[in-house]
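Per-entry structural report
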Amino acid sequence: MVDRALAGTRVRNRRLDLGLRQADVARQINISGSYLNLIEHNRRRIGGALLEQLARVLEIDAGLLADGTADVVLGPLNAAAAAFPEARVEGARAEELVDRFPGWAALIAAQARRIAQLEERTQALGDRLAHDTQIASSLHEVISTATAIRSTASILVETPDLDQSWRGRFHSNIDTDATRLAESSQALLGFLDMEVETGLEGGATPVEAAEAVMAGWGYYVPQAEAQGVPDVSALDGPTRGLVEGWVRRAGEDAARLPLAAFEQAARAVAYDPGRLATRFQVPLEVVLRRLAHLPPDAGHPAMGMAECDAAGVVTFQKPVLDFRLPRAGAACPLWPLYQALTQPGRAVRRVVQMPGVARTPFECFAIAGPVGEVAFGGEQRVAATMLVRPARMETIETLGNDAPDAVGPGCRLCVVQECASRRHPSIV
Amino acid sequence: MGRRVLLIEDEPNIIEAISYLLSRDGWTVHTHSDGETAMDKVRQGVPELIILDVMLPGRSGYDILRDLRADPQTADVPVMMLTARGQARDRELATSLGATQFMTKPFSNAEVLDSVRALAAL
């Protein structure tokens, strides 16, 4: 417990730190110099308005000058010291630290409290992962189904003389379980993704909030056709800025690729981005973006999109079917988006498939390049853009005996163990 | 008639696969899918061995195991617990309640067969 008497010492130390004369301080708070002297020597107690005035003049939080408040700082300071005994701090001098450097002491205390909060949060998330009934039930479903498939498949393989009726029955069971497994694993992944993306503060980031706005519009903004921007004044600042930026860019793309002409040409070339870029003489990324932002009810095929910056951080994405890159934690580097990033200017087209049964093969078109004006000097921003669409049958057929390239949802949720790009173990 | 094993499990295709597997190995397999009435089923005819899933509708496998061990009729019947969980604490809980063996899903058929044969020899 802090001795009340020390409040005076704190006042004196703070005044001396600021290089103020006792008489000047006393005059500013309308008390005599001798009275302030008594306070500073802990012979008079302070509180109320006088404490507030003194704190204002000394440019310090009144709480830090007050008697009990120092305990609010000292407690976490002592806790911080106890948590890191190897630091061997001068524990007996904690009070002196508070007195002499209240700002630094408050910072240490705040950080100690923050660490404690984060530890609690981490523990809560860990507990939830271990005990949440939804996760447990979902995981149980996945593992039980996998068990049934494994056991049944083994019987089929290891029993060549299996009776025909049993064989048919087991085939049927595997088919049923495979469908169930696909559904339950997707549900589980979706749930885990949601958990991850919730973040520590429990709220969506501005990018997620802005994407939700775009999703609400079906990723199509009619006003952008005439380079207009809808009224988004109700959104918070960062979210509004992102939405307006995306819509303005969509407007610029629309100006280069007028809707009617672009739709007609797109249908004519089966939505081939390369041919469209040649036809309209625009950079490929403009076509990729335009294709991903066509009117949703005009009969165009479903197309998703992702963009990332030079660090690989996803800056925008439009999900399609089960395509969705994780925003928290690194995504799988095998996605063409990232491969394009390593070779700016080179167009990448690949057919990919995520692990698991009933996964849709996707045809991906990606390119990376500079953003904004290219000039000597300064740092050039680079970004990659990828259009993603369910691969058409004729596209898959062109692969012949080759399987689509394997990509994952990110190491954390990926079941492919033998992967040269794996960074850390999977939790599923 | 072979030796009797009772499989208490709610996943129909696991039931079918294990039943087939054990039948081929000479066991007479009885099955039950509901946790709530599992003890009634056991008392209808105490089997030589029980394979018991942990997560069952109505009642958990742990609760059933506790009852099995408390009942003099079934206290000594070998029980192999099946669970989708493989954490140490689950294994410890099963062991502390009297499980004879603990098997984590997804298991292989060979593991099941080996374990059942080993437990039958006890």
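Fair warning: this is a prediction, and the values are worked out from it, not measured in the lab.

Digging into the overall build of chain B
The number of helices and strands found in chain B is five helices and five strands. The N-to-C order of helical and strand elements in chain B reads β-α-β-α-β-α-β-α-β-α. Long-range contacts, defined here as pairs at least 24 residues apart, represent 59% of the contacts in chain B between residues at least 6 apart.

A closer look at the interface of chain A and chain B
Counting residues at the interface gives 15 residues for chain A and 15 residues for chain B. Of all elements in the fold, only α9 (133-158) and α10 (164-198) of chain A reach the threshold of two or more residues within the side of chain A that touches chain B.

Observations concerning the packing of helix α14 (residues 273-280) of chain A against helix α15 (residues 284-292) of chain A
Residues and elements named next belong to chain A. With their axes 9 Å apart at the nearest point, α14 and α15 run at an angle of 115° to one another. Seen along the crossing, α14 lies across α15 with a hand that is right-handed. Contacts from Pro 273, Leu 276 and Ala 277 of α14 reach α15 at Leu 284, Val 287, Leu 288 and Leu 291. Its residues assigned to classes, the contact of α14 with α15 comprises seven nonpolar, no polar and no charged.

What about the sheet that holds strand β2 (residues 314-318) of chain A?
Residue and element names in this part refer to chain A. Reading across the sheet, the six strands line up as β2-β1-β5-β4-β3-β6 and stay open at both edges, with mixed pairing between neighbours. Each having just a single partner strand, β2 and β6 (405-406) make up the two edges of the open sheet. Of the strands in this sheet, β1 (304-309), β2, β4 (362-371) and β5 (381-390) are in contact with α15, which crosses β5 at around 45°.

Quick notes on the sheet that holds strand β5 (residues 101-104) of chain B
Strands belonging to one sheet form pairs held by backbone hydrogen bonds; the direction of such a pair is parallel or antiparallel. Residue and element names in this part refer to chain B. Reading across from one edge, β2-β1-β3-β4-β5 is the order of the five strands in this open sheet, with parallel pairing throughout. Each end of this open sheet is capped by a strand with a single partner; those strands are β2 (27-32) and β5. Between one strand axis and the next, the sheet turns by 20° as a mean value, whatever way the strands run. Sheet analysis places strand β3 (residues 49-53) next to strand β4 (residues 79-83), joined by four bridges and oriented parallel. Across the sheet, the residue bridging to Ile 51 is Met 80, located in β4. In the packing of helix α5 (residues 109-120) onto the sheet, the strands contacted are β1 (3-8), β3, β4 and β5, and the crossing angle to β5 comes to about 175°.

Quick word on the confidence of the model for chain A
Residue and element names in this part refer to chain A. Averaged over chain A, the pLDDT score is 82; the fraction of residues at 70 or greater is 87%. When mean pLDDT is compared element by element in chain A, α15 scores highest at 95, while helix α6 (residues 69-83) scores lowest at 72. Below a pLDDT of 50 lies the segment residues 1-5, which in the model reaches nine contacts outside its immediate sequence neighbourhood of four places, other chains included. Low pLDDT (under 50) marks residues 195-203, which in the prediction has nine contacts with non-local residues, meaning those over four places away or in another chain.

Section: the pairing of β4(B)
Residues and elements named next belong to chain B. Most of β4 is tucked away, with five of its five residues classed as buried. Residues of β4 alternate between two faces, with Val 79, Met 81 and Thr 83 on one and Met 80 and Leu 82 on the opposite face, all of them buried. In this fold, β3 hands off to helix α3 (residues 61-70), which returns the chain to β4; that crossover is right-handed. Of the strand pairs in this sheet, β4 and β5 are connected by four bridges, and their pairing is parallel. Residue pairing across strands places Met 80 opposite Gln 101, the latter belonging to β5.

Structural notes on the nonpolar core
As a rule of thumb, nonpolar side chains are buried together in soluble globular proteins. Among the nonpolar cores identified, the biggest contains 56 residues, and A:Leu337, A:Ala384, A:Met386, A:Leu387 and A:Val388 are the most heavily contacted of them. Excluding residues that lie within four positions of it along the chain, A:Ala384 makes contacts with A:Glu307, A:Cys308, A:Leu337, A:Ala340, A:Leu341, A:Ala366, A:Ile367 and A:Ala368. Within the second largest apolar cluster, 43 residues are counted, among which are B:Leu49, B:Val54, B:Leu65 and B:Leu82.

Things to note about helix α11 (residues 206-216) of chain A
All names here are of chain A. Among all positions in α11, only Ala 210, Glu 211 and Met 214 are buried. Looking down the long axis of α11, one finds its buried residues gathered within 100° of arc, a one-sided arrangement. Exposed residues pointing more than 90 degrees away from the buried face of α11 are listed as Ala 212, Ala 215 and Gly 216. Check the buried side of α11 and you find it contacts α12 (237-256) and β2.

Remarks on the packing of helix α1 (residues 12-24) of chain B against α5(B)
All names here are of chain B. Relative orientation of the contacting elements α1 and α5 amounts to 50°, with a least axis distance of 11 Å. Accordingly, the angle class assigned to the pair α1 and α5 is oblique. In the packing of α1 onto α5, the handedness of the crossing is right-handed. Where α1 approaches α5, its residues Ile 18, Leu 21 and Leu 22 are matched on the opposing element by Asn 109, Val 112, Leu 113 and Val 116.

Digging into unusual backbone geometry
Trans peptide bonds make up most of the peptide bonds, and negative phi angles are found at most residues other than glycine. Cis geometry is adopted by the peptide bond preceding B:Pro106, which originates at B:Lys105 and carries an omega value of -5°. Mapping B:Pro106 onto the fold places it in the loop between β5 and α5. Backbone geometry at A:Glu59 places phi at a positive 55°, although glycine is not the residue there. Inspection of the secondary structure puts A:Glu59 in the loop between α4 (48-57) and α5 (62-65).

Remarks on α4(A)
An α-helical segment advances 3.6 residues per turn. Residues three or four places apart therefore align on the same side. Residues and elements named next belong to chain A. Restricting attention to buried positions, one finds in α4 the residues Leu 51, Leu 54 and Ala 55. Along the axis of α4, the buried positions cluster into a sector of 100°, meaning they face one direction only. Exposed and oriented more than 90 degrees from the buried face of α4 are Ala 49 and Arg 56. Of the residues flanking the end of α4, it is Glu 59, one or two places downstream, whose phi is positive at about 55°.

Points about the confidence of the model for chain B
Summing up the model confidence of chain B, the mean pLDDT is 90 and the portion of residues at 70 or higher is 94%. Two numbers describe this predicted complex: its pTM, 0.47, and its ipTM, 0.88.

Some words on the environment of B:Glu11
Structurally, B:Glu11 is set in the loop between β1 and α1. Classification of B:Glu11 as buried rests on a count of 25 C-beta atoms within 10 Å. Here the alpha-carbon distance between B:Glu11 and B:Asp53, two residues 42 residues apart in the chain, equals 9.4 Å. Setting aside residues up to four positions removed in sequence, B:Glu11 forms contacts with A:Ser144 and A:Ala148.

Each value, and the rule that gives it
- Residues numbered from 1 in each chain as written.
- Chains lettered and ligands numbered in written order.
- Predicted model: local features only at pLDDT ≥ 70, side-chain atom pairs only at ≥ 80, totals over all residues.
- Helix = DSSP H or I, 4+ residues; strand = E, 2+ residues; numbered from the N terminus.
- Contact = placed C-beta atoms within 7 Å.
- Axes fitted to C-alpha atoms, helices over the stretch in contact; angles between N-to-C directions.
- Left-handed = near helix turned anticlockwise from the far one by under 90°.
- Nonpolar A, V, L, I, M, F, W, Y, C, P; charged D, E, K, R; others polar.
- Pairing = 2+ DSSP bridges.
- pLDDT = per-residue confidence, 0-100.
- Buried ≥ 20, exposed ≤ 12 C-beta atoms within 10 Å, placed from the backbone.
- Right-handed = clockwise from strand over helix to strand, strands pointing away.
- Core = buried A, V, L, I, M, F, W, Y, C linked by C-beta atoms within 7 Å.
- Arc of directions from axis to C-beta.
- Parallel < 35°, antiparallel > 145°, perpendicular 65-115°, else oblique.

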